[in-house]
Number of protein chains: 2
Amino acid sequence: MYSELQAAELLRRAEIVPTPQRVEITCLLMGQRAHMSAEELYRLVNSGGRRVSKATVYNTLGLMSKKGIIREVIADPARVFYDPNTQPHHHFFDVTTGKLQDIDADMVQVSGLPPLPEGATLDGVEVIVRYKSAKAE
Amino acid sequence: MYSELQAAELLRRAEIVPTPQRVEITCLLMGQRAHMSAEELYRLVNSGGRRVSKATVYNTLGLMSKKGIIREVIADPARVFYDPNTQPHHHFFDVTTGKLQDIDADMVQVSGLPPLPEGATLDGVEVIVRYKSAKAE
DNA sequence: CTTAATGCAAAGGCTTTGCAGAGAC
DNA sequence: GTCTCTGCAAAGCCTTTGCATTAAG
C-alpha cells in the first residue's frame, strides 16, 4: 500500500502541488501492482467515496507523466496505460485480457538500433511482447 | 505503385473476395511507403474519386490484418497504423509529427525475453523507438 | 486579490455497430 | 432466392477543452 504521505512527498519532489485529489490518485496508482488506464483509475478513485472529476484525473496523469514520475505505455489501441515504474523496462501485453505486465530491463538486450534522424531526441525504447492467453479465442 | 491486379491477387490468396472497394483500399495501402491509419486511408480513398464508406475501410483493414497480409502497429494512442510489411521488423515513431517508419529486423537483436505464461501463444514482439524531431516543442 | 486547481458538461477523434439496400451466383 | 458486401448514420469509448466555481496564500 502507498500512503498519502508518500504520495504527497512524491508529488512535491516533482514540483506538483499535492492537492487532496492528486494525492488520492497517486496513492491508488502507486499502490497498484497492475498498470491502469486513466479511465480505470477514474472509476477506482470515484468508487472509493472520494469524488474526483474526469478532467482532474486526466490532468494529474498528464502532469505526472510530463514530470517523469510515471510513464505512459501505449500497448492497447483502446487506451493509454500509466506505469508507476519509471525504471527502463519492457512489457508483456495479454491481448486476451488486456492486462499489462512488466519485464525487467536487466534481462532484455536490444542491440543494433539504427541512429536517430538528425536533431532528434530519444523519447524511449519500448519492447512489447504481445500474446494471447489460454482461454478465449 | 501497386496495381489493381496485384491487389486482387493478394486478396484472393488470403481468401478475401476482391471487391472493387477492397482492391482500391489495398492498392493505396500497399503503394504507400508510409504507414497509414484507417482514418487516413479512408480520406485518401475518398479523395481519389472513388467512394468507399468508413465501415468498409475498417472492415477491410480488420479482415486483412486477421488474414495476416497486413499488420497493425500500435504506437500512437490516437490511432492504429496498418503496415503492409508483414516481415518481422520494428518501428521508429516520431512523436512530433506522428510519422511511423520501419526498422529492419535484421539489424536489431532482442535477447533475454522471459518465457510466456503457460498456455499462451506469442502474438508478436514489437520494438518501438520513440523520438521527438527537431521542430516543435 | 490573484493565481492555480477543480468540476462539469460538451465536444472531438477514432472505431464499431445495426440494419437496410445492392450485388453476385 | 440466398448469401455476402457495402453504405449510412448512430452510437461508443477514451480523451480533451472551455469555462465557471472553488480553494489557497
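Heads up: the structure comes first, above all this text.
For clarity, every value in this text was computed on a predicted model and none was experimentally measured.

### A few points about the sheet that holds strand β1 (residues 36-37) of chain A
All names here are of chain A.
Stage number 1. Pairing within the open sheet is antiparallel, and its 3 strands lie in the order β1-β3-β2. Each edge of the open sheet is held by one strand with a lone partner, namely β1 and β2 (71-76).
Stage number 2. The pairing of β1 with strand β3 (residues 79-83) spans 2 bridges and is classified as antiparallel. Residue pairing for β3: S37 is matched across the bridge by F81.

### Quick word on the interface of chain A and chain B
Stage number 1. Listed per partner, the contact involves 35 residues of chain A and 35 residues of chain B.
Stage number 2. Across the chain A to chain B interface the summed buried area is about 2900 Å²; carbon plus sulfur atoms make up 64%.
Stage number 3. When the buried surface of chain A facing chain B is broken down by residue, I74, D123 and R130 of chain A rank first, second and third, together holding 20% of it.
Stage number 4. On inspection of chain A and its partner chain B, the count reaches 2 salt bridges.
Stage number 5. In this structure, D123 of chain B and K132 of chain A form a salt bridge, with 2.6 Å as the shortest nitrogen-oxygen distance.
Stage number 6. Counting every contact that joins chain A to chain B gives 12 residue pairs in polar contact (both at pLDDT 80 or more).
Stage number 7. For the side of chain A that touches chain B, the secondary-structure elements that each account for two or more residues are β2, β6 (109-111) and β7 (121-132) of chain A.
Stage number 8. If one sorts the elements of the side of chain A that touches chain B by residue count, β7 of chain A sits on top with 12 residues.

So, how was this worked out
Residues numbered from 1 in each chain as written. Chains lettered and ligands numbered in written order. Predicted model: local features only at pLDDT ≥ 70, side-chain atom pairs only at ≥ 80, totals over all residues. Heavy atoms only, no water. Pairing = 2+ DSSP bridges. Helix = DSSP H or I, 4+ residues; strand = E, 2+ residues; numbered from the N terminus. Contact = heavy atoms within 4.5 Å. Buried area = accessible area lost by both parts, 1.4 Å probe. Salt bridge = Lys/Arg side-chain N within 4 Å of Asp/Glu carboxyl O. Polar contact = N/O pair within 3.5 Å; in protein donor to acceptor, adjacent residues only side chain to side chain.

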